[in-house]
Amino acid sequence: MRRKMDLIRRSLLARIGAAAGVCASSSFAALAMHGGAGGMKEIAPNWASLNFNPDVDMELTCRPSEASILEGRATGVWRYAASLLKGPENTLTPLPDTYLGPVMRFQKGQKIRIRLRNGLPEPTIAHWHGLHVPMLMDGHPMYAIDPGEAFVYEFEIRNRAGLYFYHPHTHEATATQVYRGMAGAIIVNDDEEKALELPSGEFEIPIVLQDRSFNDANQLVYGGGMHARMVGFQGDHVLVNGRPDYAIDVASRAYRLRILNGSNSRIYKLAWDDASPITVIGVDGGLLEKPEEKPYVMLAPGERLDVWADFSGRSVGSKIVMRSAPFSGASPRMARGMMAETALPVGGDYPLFSVRVARASGESSALPPRLARIDRLRPEDVANPGDPVPIAISEAPMAMLLNGRPYADNDALPRERIPVDTLQLVEIFHDGGMGMGRGMGMMGGMMSMAHPIHLHGQQFQILSRSADDADPRDYATMSEGFISSGWKDTVLVTPGERVRIIKPFGDFKGAFMHHCHNLEHEDMGMMRQFSVE
Ligand code: C2O
Ligand code: CU
Ligand code: CU
């Protein structure tokens, strides 16, 4: 009976879709069979399956809590708290004195079960940013659970070793839930990485960058206002791992810094204050082929960076500071007059964290000249050469969108339908906004800003970046800080830029989102999904 209803709904959807110029895809109809599409409440899997034999089994509870962040009164936060039911002892590592969830450490190939429990006063759903999992396990907003409910995730780790990210993906509430503290890091290890014997244990340091604002009572302030809505939230304190004025004591040897930008909208330009280059060994989807030295690195929300930081040869007592160095052109011209209201403007020059050499060390590890094997995806192998799948960034006041349409659960344009197990050329570009055509149309130019575009599902490779429409002076303050090698799931697209990527859509059918990882933009509807069929 249910099945028949769904078939009727399917053809109805198809007809409505056709009339509206929208395709109701077969995978959305398949969702309807779960009861998920078209407004029917999805029934979340709130039981564990008998035929899934997890290597790791944990409970992950979301709940209101408190954290001591500033001197004096504790700050009310929301957080993820985890407890391990089964699995290796090093699976969960809490970061000290923070609202952030524990670091989850997984091995490639492990089967993971996570029992999410919602102890918040509003719906939520967790997403494993960067992990390649089936749609049902991906934290799609249509699977959000109500207060008191549970959702059981079961998936296998298919990703390479790398730093990934868990956070809520609740419809129109991702920004506020993350802001209140709901986020954590995931580290995946594999054999290829293990063979390199990179610095580990106390010599591998997670660095989660976020910004926050506080009132006089030490409580979080989430600024609204025109400026915040347009450019995204910008706090006046930088927190590292949930702590202000972050300082690390190190030995004079090599370290591995695992950096994640977990901010709502803030873009950083990472640079050592003594002008040492930054040695990058990995990005979003894991290790690069070989280390790359950069004068600075741009790191947008959702992006990750694996940094080799060698302090050997530095004297005990010496200090080095990681700063965010100045850059321009990432914010809309129209908003620049309003920048004065932000104490810590994006593109300003300010410290992020400091490193103090506290002790001498005899031993150190050498930087491997080759890190990993990466097969380059080739444009001649894509299913759509010469006809890229468009992700058009539409920019207008209060209407930052993709492909000109706000996100809706059931909506996929014909160009957003992708055959499963294909390799696709995708082009991300600014369309000028307000229907004024591409490039630097009046309004487009005024509103154009940098957007970190994130795609769910498999990691992609960057084929090319072209900046023909960019302001060369602004662009020159950022362009050396982009890393285009390696596997990525988030790419910063600055004003006037056109970025081509090659992305595999393998293994899983269903709806996989892509969106701006400026979380205020995401919640405003700057999100679409690919219907993988
Ligand atoms: Cu980090 Cu769709 O999210
Ligand atoms: Cu994601
Ligand atoms: Cu955006």
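Computed from a prediction, not measured in an experiment: that's the story for all the values here. (Residues numbered from 1 in each chain as written. Chains lettered and ligands numbered in written order. Predicted model: local features only at pLDDT ≥ 70, side-chain atom pairs only at ≥ 80, totals over all residues. Heavy atoms only, no water.)

Peer 1: Quick question: what am I supposed to make of the coordination of the copper ion (ligand 3) here?
Peer 2: The textbook angles at a metal center are 109.5 degrees for a tetrahedron of four donors and 90 or 180 degrees for an octahedron of six. At the metal site, the copper ion (ligand 3) is ligated by His451 (ND1), Cys516 (SG) and His521 (ND1), and these contacts range over 2.0 to 2.1 Å. Each donor residue of the copper ion (ligand 3) lies on one chain, and together they are spaced H-x64-C-x4-H. In this pair, histidine 451 sits in strand β26 (residues 451–455) while cysteine 516 sits in strand β30 (residues 510–516), placing the two residues 65 residues apart along the sequence. Cysteine 516 carries the same exposure label as histidine 451, and that label is buried. (Donors = N, O, S within 2.8 Å, 3.2 Å for Na, K, Ca; no water. Helix = DSSP H or I, 4+ residues; strand = E, 2+ residues; numbered from the N terminus. Buried < 20%, exposed > 50% of the residue type's maximum accessible area, 1.4 Å probe, protein only.)

Peer 1: Help me out: how do you make sense of the nonpolar core in this one?
Peer 2: Soluble globular proteins: nonpolar side chains tend toward being buried together. Core analysis: the largest hydrophobic core is formed by 63 residues, its most contacted members being Phe106, Ile114, Trp128, Tyr153 and Phe155. Top contributing element to this core by residue count: strand β1 (residues 56–67), with four residues. Mapping this core onto the domain boundaries places at least three of its residues in each of domain 1 (2–190) and domain 3 (379–532). In this view, isoleucine 114 contacts Met58, Leu60, Met104, Phe106, Trp128, Phe151, Val152, Tyr153 and Phe155; residues no more than four positions away in its chain are not counted. (Core = buried A, V, L, I, M, F, W, Y, C linked by side-chain atoms within 4.5 Å. Domains from an automatic or database assignment. Contact = heavy atoms within 4.5 Å.)

Peer 1: Looking at this structure, I do not really get the confidence of the model for the protein chain. What am I missing?
Peer 2: Note: predicted coordinates in regions of low pLDDT should not be interpreted at a detailed level. Considering every residue of the protein chain, the mean pLDDT works out to 89; 87% of them sit at 70 or more. Here residues 433–443 scores under 50 on pLDDT; set against residues more than four positions off or in separate chains, the count is 23 contacts. (pLDDT = per-residue confidence, 0-100.)

Peer 1: Sorry, what's going on with the sheet that holds strand β6 (residues 126–129) here?
Peer 2: Ordered in space as β3-β4-β9-β8-β6, the five strands form an open sheet in which the pairing is mixed. Each edge of the sheet is formed by a strand with only one pairing partner; in this case those strands are β3 (92–93) and β6. Here five bridges tie strand β8 (residues 162–168) to strand β9 (residues 184–189), and the two strands are oriented antiparallel to one another. Bridge pairing links leucine 163 to isoleucine 187 in β9. (Pairing = 2+ DSSP bridges.)

Peer 1: Before we go on, may I ask you to explain the pairing of strand β28 (residues 490–493) in this structure?
Peer 2: In the case of a regular strand, side chains alternate between the two sheet surfaces. Where burial is concerned, the two faces of β28 agree: the one with Thr490 and Leu492 and the one with Val491 and Val493 are both buried. Bridging between β26 and β28 involves four bridges; their strand directions are antiparallel. When the sheet's bridge partners are listed, proline 452 is paired in β28 with leucine 492.

Peer 1: What am I meant to see in the coordination of the copper ion (ligand 2) here?
Peer 2: For the copper ion (ligand 2), the full set of protein donor atoms is His127 (NE2) and His454 (NE2), and the range of their distances to it is 1.9 Å. Separated by 327 residues along the polypeptide, histidine 127 in strand β6 and histidine 454 in strand β26 bring together distant segments of the chain. In terms of burial, histidine 127 and histidine 454 fall into one category: buried.

Peer 1: Just to check I follow, could you spell out the side chain of glutamate 497 for this structure?
Peer 2: Tracing the backbone shows glutamate 497 in the loop between β28 and β29 (498–505). The buried category is assigned to glutamate 497, whose relative accessible area is 1%. Polar side-chain contacts of glutamate 497 include one of 2.8 Å to the side chain of threonine 494. With residues near it in sequence (within four places) discarded, glutamate 497 still touches Ile428, Phe429, His430, Arg465, Ser466, Ala467, Tyr475, Phe482 and Leu492. (Polar contact = N/O pair within 3.5 Å; in protein donor to acceptor, adjacent residues only side chain to side chain.)

Peer 1: What should I look at first to understand the pattern of salt bridges in this one?
Peer 2: A side chain with one charge can pair with a side chain of the opposite charge if their charged atoms come near. Using the criterion set out here, one finds 32 salt bridges in the structure. Arginine 256 is paired through a salt bridge with glutamate 204; the nearest N and O atoms lie 3.7 Å apart. Of the two residues, arginine 256 is situated in strand β14 (residues 254–261) and glutamate 204 in strand β10 (residues 204–214); the sequence distance between them amounts to 52 residues. Side by side, arginine 256 and glutamate 204 carry an identical accessibility label, which is buried. (Salt bridge = Lys/Arg side-chain N within 4 Å of Asp/Glu carboxyl O.)

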